[in-house]
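Fold and contact review
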Amino acid sequence: MKEALLNIQGDKVLWAIAGLLALFSFMPVYSASSNLAYLYGDGNTFKYLVKHAIHLGLGFLIIYGVHKIRYNYFKGLSMIMLPIAIVLLVVTIAQGTTIGGANASRWIRIPVVGVTFQTSTLASVVLLSFVARYLAKIASKTYTFKETLVPLWLPVMLVVACILPANFSTAAIIFSMVIMLVFIGGYPLKYLAIIFATGLLFLTIFILAAKAFPGAFSNRVDTWTSRIENFLDDGENQKDNYQIERAKIAIATGGLIGQGPGKSVQKNFLPQSSSDFIYAIVVEEFGLLGAIGIMFAYLLMLARLIIISHKCEDVFGKLLVLGVGLPIVFQALINMAVAVELFPVTGQTLPLVSSGGTSIWMTCLALGIVISVSVKAVPKEKEESEANPLDILSETI
């Protein structure tokens, strides 16, 4: 253990933020898990705490392992993993829509180990790494919009199209992050406007088709369209806005310093209190101080991402940090915005704080990649002299 700690490299502040968020998460997750214990009738909240600890432990092993990989290797790895991620998304769509009686159109079951995995989170990290690689490749070249359609936008559209029916919020976040990344990468605004308008047009057509032929699409389409409609309905439909109402009650009763750890009342009534709405439980138990503390941690993470990106001399490294790092902060802000009804219900977790293995592991994968960039930007001369198969693959395709 001591030797492993001595081998930790990269941005120490980012390591500290991730560690503090993970340590803090044990209190609200353990408190909110009483809801799950009651729901499944076993009354054992401790097992949920152990499960969360295992998820975090594996997550930090991912960070440690990934941050030891030279970040340039992710060029080739993104090209290898992108087709695999798309196949997994297709399999997720093709499989049954329920697991254990619950809607599971966003997850795939791994037969050997018997666990479920949300494929869209893996696809997000892989796709944004792929986009960063492509933008770095064309950074110093002159190109036309037509030349970028197949190598850049076709994979983006395939991934977004596979995720959209079951998980609109994740599809929207991925598309927004890609738009942001290509903008930062210097992609011409006139081309970007065409892509944005095309995406908006296809979304409109999809929603109209779902409304016209409700039986032809997954029931998840009805779920996220009704959430948007209810959000725009000014809270008049109390039944459909039950989650938001309970979250606001939890926040309102938090006060300045909160009710105290484990003393939340709304955790017993708020669905998904340990995952999607854990921020409301944090505010209820730790008050305004806890709410600001959590928000400050993510904003500090954002500052470190910008600093790491700025220090990196390589275009790919800069874009990679922003591509896989910013979605973590963006997702956190969306989760907090949902709890205070600034956004419709999205189902997005609070990174490193909410329970859930896939969310934790993919967040840790992204953090490991960012820390890998922060370890050392490889000089161009050394990079060329130490060519590896993954780099060769990314440059030749």
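Scanning the protein from terminus to terminus reveals 15 helices and four strands. Within the protein, the proportion of its 397 residues that are buried is 49%. Contacts spanning at least 24 positions in sequence make up 73% of the contacts within the protein whose residues lie at least 6 apart. Accessible surface, the protein: about 18,700 Å² in total, of which carbon and sulfur atoms supply 69%.

In this section: unusual backbone geometry. A positive phi angle, near 65°, is found at Glu341, a position not held by glycine. Inspection of the secondary structure assignment puts Glu341 in the loop between α12 (315-339) and α13 (357-375). Using a relative accessible area of 23% as the deciding quantity, one classes Glu341 as partly exposed. Located in the positive-phi region is Leu352, a residue other than glycine, with phi close to 70°. With respect to the helices and strands, Leu352 occurs in the loop between α12 and α13. Residue classification places Leu352 among the buried positions, given a relative accessible area of 1%.

With that settled, consider helix α8 (residues 189-212). Counted at 1.5 Å a residue, the expected span for α8 with its 24 residues is 34 Å, and the 34 Å between its end C-alpha atoms agrees. Every buried residue belonging to α8 is among Tyr191, Leu192, Ile195, Gly199, Phe206 and Ala210, and all of these are buried.

Right, let's talk about a nonpolar patch on the surface for a bit. There is a patch of nonpolar side chains on the surface, built from Tyr30, Phe46, Val50, Ile54, Leu58 and Leu61 and spanning about 570 Å² of accessible area. At five residues, the largest contribution of residues to the nonpolar patch is made by helix α3 (residues 46-66). A relative accessible area of 48% means that Ile54 is categorised as partly exposed.

A full pass over the atoms with the stated rule returns three salt bridges. The salt bridge involving Lys248 is made with Glu245; its shortest N-O contact spans 3.8 Å. Remark: Glu245 and Lys248 occur in helix α10 (residues 242-252); sequence separation between them is three residues, near one turn of the helix. Under the relative-accessibility criterion, Lys248 is labelled partly exposed at 30%. By relative accessible area, which is 24% here, Glu245 ends up partly exposed. Beyond isolated ion pairs, a larger network of salt bridges with shared partners links Glu245, Lys248 and Glu341.

The geometry of an aromatic ring pair comes down to the distance between the two centres and the angle between the two planes. Under the counting rule described, the total for this entry stands at six aromatic pairs. With centroids separated by 5.1 Å and ring planes inclined at 55°, the aromatic side chains of Phe24 and Phe286 adopt a geometry described as tilted. Residue Phe24 is located in helix α2 (residues 12-39), and its partner Phe286 is located in helix α11 (residues 278-311); the two are separated by 262 residues in the primary sequence. Comparing Phe24 with Phe286, the two get one shared label, buried. Sitting above the plane of the Phe269 ring, Arg246 keeps its charged end 4.8 Å from the centroid.

As for its position among the elements, Leu158 is in helix α6 (residues 145-163). With a relative accessible area of 39%, Leu158 lands in the partly exposed category. Separated by 72 residues in sequence, Leu158 and Ile86 place their C-alpha atoms 7.5 Å apart.

What counts and how
- Residues numbered from 1 in each chain as written.
- Predicted model: local features only at pLDDT ≥ 70, side-chain atom pairs only at ≥ 80, totals over all residues.
- Heavy atoms only, no water.
- Helix = DSSP H or I, 4+ residues; strand = E, 2+ residues; numbered from the N terminus.
- Buried < 20%, exposed > 50% of the residue type's maximum accessible area, 1.4 Å probe, protein only.
- Contact = heavy atoms within 4.5 Å.
- Areas by Shrake-Rupley, 256 points an atom, 1.4 Å probe, with all protein chains shown as cover.
- Expected span 1.5 Å × (residues − 1).
- Patch = residues over 30% accessible without salt bridge, like charges linked within 9 Å, V, L, I, M, F, W, Y side chains within 5 Å.
- Salt bridge = Lys/Arg side-chain N within 4 Å of Asp/Glu carboxyl O.
- Phe/Tyr/Trp six-rings, centres within 6.5 Å; stacked < 30°, edge-to-face > 60°.
- Lys NZ or Arg CZ within 6 Å of the ring centre and 35° of its normal.

Such coordinate-based values are descriptive only and should not be taken to indicate function.
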